[in-house]
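Residues per chain, in single letters:
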Amino acid sequence: MIGKHLLSMDDLTAEDITKILDTAESLRQVTDRPIKKLPTLRGRTVCNLFYEPSTRTRISFELAAKRLSADVINFSADAKSSVSKGESFKDTAWTLEAMGVDAIIVRHGSSGAPHQLANWVEAHVINAGDGAHEHPTQALLDLFSIREHFKDLEGLKVGIVGDIVHSRVARSNVKGLVTMGADVTLVGPPTLIPPQAAGWGVDVSYDLDSVLDDLDVCYLLRVQKERQNEQLFPSTREYAALWGLDSTRMATMKPDALVMHPGPMNRGVEIAADVSESPRSIVLDQVANGLAVRMSLLYLMLGGPNAVLSAHPGPFAREGAPA
Amino acid sequence: MSLVLKGGRVVDPASQRDEVADVVIDEGRIAEIGKDLKGDDTLDATGAVVAPGFVDMHTHVREPGREDEETIASASAAAAKGGYTAICTMPNTDPVADSASVVETVWALGREAGLVQVVPAGALSKNLEGLKMADIGEMARSAARVRLFTDDGRGVQDALFARRTMEYLLAFDGIYAEHCEVDALAADGQMHEGELSAKLGLRGIPAEAEELMAARDVALAKLTGCRLHLLHISTAGTVDIVRRAKAEGLRVTAEATPHHFTLTDAALESYDPMAKVNPPLRDDTHREAVIEGLADGTIDAIATDHAPHAQEEKDQELMFCPPGMLGLETALALTVTELVHTGRITLSRAIELLSTTPARLLGLEGQGALEVGGVANLCVFDPAAEWTVDPAAFSSKSRNTPFAGRAVKGKVLHAFFIGRQTVRDGELVIGELV
């Protein structure tokens, strides 16, 4: 059962994930219609509460909610200590609660902020990325995108390459992929892979070339340029040479293997420009699928007891159904 | 007016006394200890323990500067209710206690509150910056007679500054007390570095951030001959470092807090700001090592690191909320529940850790012992009494405890400070001089 909140991929079983992805598949048809809207969440209010700048995630959630006819509020702020300036996170939460917001989609630089929020409000809370903790909807859209190509996630070999230590995308993807039975290898310099990652049910490699030809999916993570100041690797040039995916390296991959990236990309660092635009790259599919997956999640979480999906007649025949 | 405490188990590690006896308090002093004693008044202590009042080596009182969080008076009240008769106040106030005038103010406010002996610690460096020496000699020679010096809240990063300060302290028989933390390794850390921090995506503070500085300071204590006290030690490595230093005969002592022997980093799993503290709650291996150190004599004192914070400060995102938790009103119960009832240490050892040794280390006369003719600083507690921690009932002005709702055993019934009853049946009283 999909719970009240989605704070972490730990909240979802394999069955839940499958249900979300299946529902997303049905909902994606809406995108192809002349009128790209369902009345399912009419009268419901969804708030995007973003304490970090974000383009794709916020727009994706906003569009997903609007396609389901929810009212959407966007609230963006800089995360800073309320003691030094501004309204506190808790007061903002209580304000939204008092206004009767049904769901809060939260992005925050502090790991665990969505957990704290869920303790303060009655509304549904969806984690849209918290610190270096998790970004569950990114993992769901990635699983969806992989499933489109490989049908079954069980036994797939997925390499996640780059800055695992600071990556919420990596944590959520590891959990999601492991839950779905994929074989995950984390690849990168030792400074960017937590020493404890061995306990996550994954393999760890410091050598991209030694694992690349075995992968079905090569998932590249963004390398933050500012990390270079922390002496985690000598230079972006050296990083690109050892762990970046260029066309020469890509040529060693299996013919049907995919290249993925959560964006935004640092072309020339973790991914070469021609690789990002190659047919193997499904980066734009990921973005498009994000919309369907987020619609699915909002639908399943907010759609109420009457919103249980069946294959037929499907959600689209239920346009008159109460929200 | 004399008072006899009837039939309690009198436990005084200083005199190796552990027997059921009566204690007579008269004119602020312990007049007699023995069987079938009489006084003008009687307080039944049957089934309870009569112990020297506890001495906390590590209390943040927040005055001057953050009187909304705690004052010397409210900390004194919280301490009295916790069975304490002396608290050593940390210098990270605003202004910092780095001069004679500030430590004398704290000392005088403590006397005014009159519930416990307030013993100010002084800063090692001006404004806790680790750059220039604080007015160490003036504080030592002030009315507050400062003996323990620390930059607690931060470790001294510069080894040369640490060495020079240790050398200088020799002139005053001062204690160099270190908050062991190498900033470069601990920077921006929110919790103990381990399996859980990696999973939660929280930046970790490795055990080594504490151990490196502990090892450096032990080496410098050996070099200089200065007395070294390691504050709130939390890791297996630090316990080992202290154990080896003691075996070598160095003048090195250490304290540990109730939260470090009670909780682990698992308390952060829900991102509970109440569980954020520095040094962080460690994993079970470290917790066990701390308990072992308390049991085998490596660790000398249980200290609270009582750190009051306003609700609005703790009610923030984990990365913004300040570290620290209250301790004075739960220390005895956690010691009794976690260490004594579990058979890890004896009741006598518990009292040694809470009272005898810290009083001796701080050089406090009339504290930490029950002797005929001595000052009547003592407490009476029921080690079997069960209660539930309720922050609303605290005398502290703050409420930040991770122990709210926790069922514990061991309750302070009465406390006497220089013969005046400060706590009766667990409630604060402004007593008459007995």
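These numbers were taken from a predicted model, which means no experiment stands behind them.

Draft legend 1. Expanded view of the nonpolar core. By size, the foremost hydrophobic cluster in this structure holds 148 residues, and its most contacted members are V50 and F149 of chain B. Examining the composition of this core, we find that 8 residues originate from one element, helix α13 (residues 347-362) of chain B, more than from any other. Counting contributing residues per domain, this core is built from domain 1 (2-50 + 374-428) and domain 2 (52-362) of chain B, each supplying no fewer than three. In contact with V50 of chain B, not counting residues within four places along its chain, are L5, G8, R9, V10, V23, A45, L378 and V380 of chain B. In this structure, C47, L49, V158 and M253 of chain A belong to the second largest nonpolar core, which totals 94 residues.

Draft legend 2. A look at the sheet that holds strand β4 (residues 124-130) of chain A. Residues and elements named next belong to chain A. Here 4 strands make up an open sheet; going across it, the order is β2-β1-β3-β4 and the pairing parallel. The two strands at the open ends of the sheet, each matched to only one other strand, are β2 (71-76) and β4. Neighbouring strand axes in the sheet, compared pairwise and without regard to direction, differ in orientation by 15° on average. Pairing of strand β3 (residues 103-108) with β4, which is carried by 5 bridges, proceeds in the parallel orientation. Within the sheet, the bridge partner assigned to I105 lies in β4 and is I126.

Draft legend 3. Spotlight on helix α2 (residues 100-113) of chain B. Residue and element names in this part refer to chain B. Taking 1.5 Å per residue as the helical rise, α2 with its 14 residues ought to reach 20 Å, and the 20 Å between its terminal C-alpha atoms agrees with that figure. Among all positions of α2, only V102, V103, V106, W107 and G110 are buried. Axial view of α2: buried residues confined to an arc of 135°, hence all on one face. More than 90 degrees from the buried face of α2, the exposed residues found are R111 and E112. Summarising the contacts, the buried residues of α2 are in contact with α1 (72-81), β7 (84-89), β8 (117-120) and α3 (136-141). Backbone geometry just downstream of α2 places G114 in the positive-phi region, at approximately 70°.

Draft legend 4. Layout of the domain arrangement of chain B. All names here are of chain B. Segmenting chain B into domains produces domain 1 (2-50 + 374-428) and domain 2 (52-362). Computed over C-alpha atoms only, the centres of domain 1 and domain 2 are separated by 25 Å. Contacts between domain 1 and domain 2 engage 32 residues on the former and 44 residues on the latter. Every element with two or more residues in the side of domain 1 that touches domain 2 is listed here: β1 (2-12), β16 (378-388), β17 (407-417) and β18 (420-424). Across the side of domain 1 that touches domain 2, the residue classes tally to 18 nonpolar, 8 polar and 6 charged.

Draft legend 5. How the structure looks around the domain arrangement of chain A. Residues and elements named next belong to chain A. According to the domain assignment, chain A contains domain 1 (9-134 + 286-318) and domain 2 (136-283). Once you take the C-alpha centre of each, domain 1 and domain 2 turn out to be 26 Å apart. Of all the secondary structure elements, the ones that give two or more residues to the side of domain 1 that touches domain 2 are α1 (14-31), β4 and α11 (283-302). Broken down by element, the residue count for the side of domain 1 that touches domain 2 peaks at 6 residues, all from α11. Of the residues assigned to the side of domain 1 that touches domain 2, the class counts are 10 nonpolar, 7 polar and 5 charged.

About the criteria used
- Residues numbered from 1 in each chain as written.
- Chains lettered and ligands numbered in written order.
- Predicted model: local features only at pLDDT ≥ 70, side-chain atom pairs only at ≥ 80, totals over all residues.
- Core = buried A, V, L, I, M, F, W, Y, C linked by C-beta atoms within 7 Å.
- Buried ≥ 20, exposed ≤ 12 C-beta atoms within 10 Å, placed from the backbone.
- Helix = DSSP H or I, 4+ residues; strand = E, 2+ residues; numbered from the N terminus.
- Domains from an automatic or database assignment.
- Contact = placed C-beta atoms within 7 Å.
- Pairing = 2+ DSSP bridges.
- Axes fitted to C-alpha atoms, helices over the stretch in contact; angles between N-to-C directions.
- Expected span 1.5 Å × (residues − 1).
- Arc of directions from axis to C-beta.
- Nonpolar A, V, L, I, M, F, W, Y, C, P; charged D, E, K, R; others polar.

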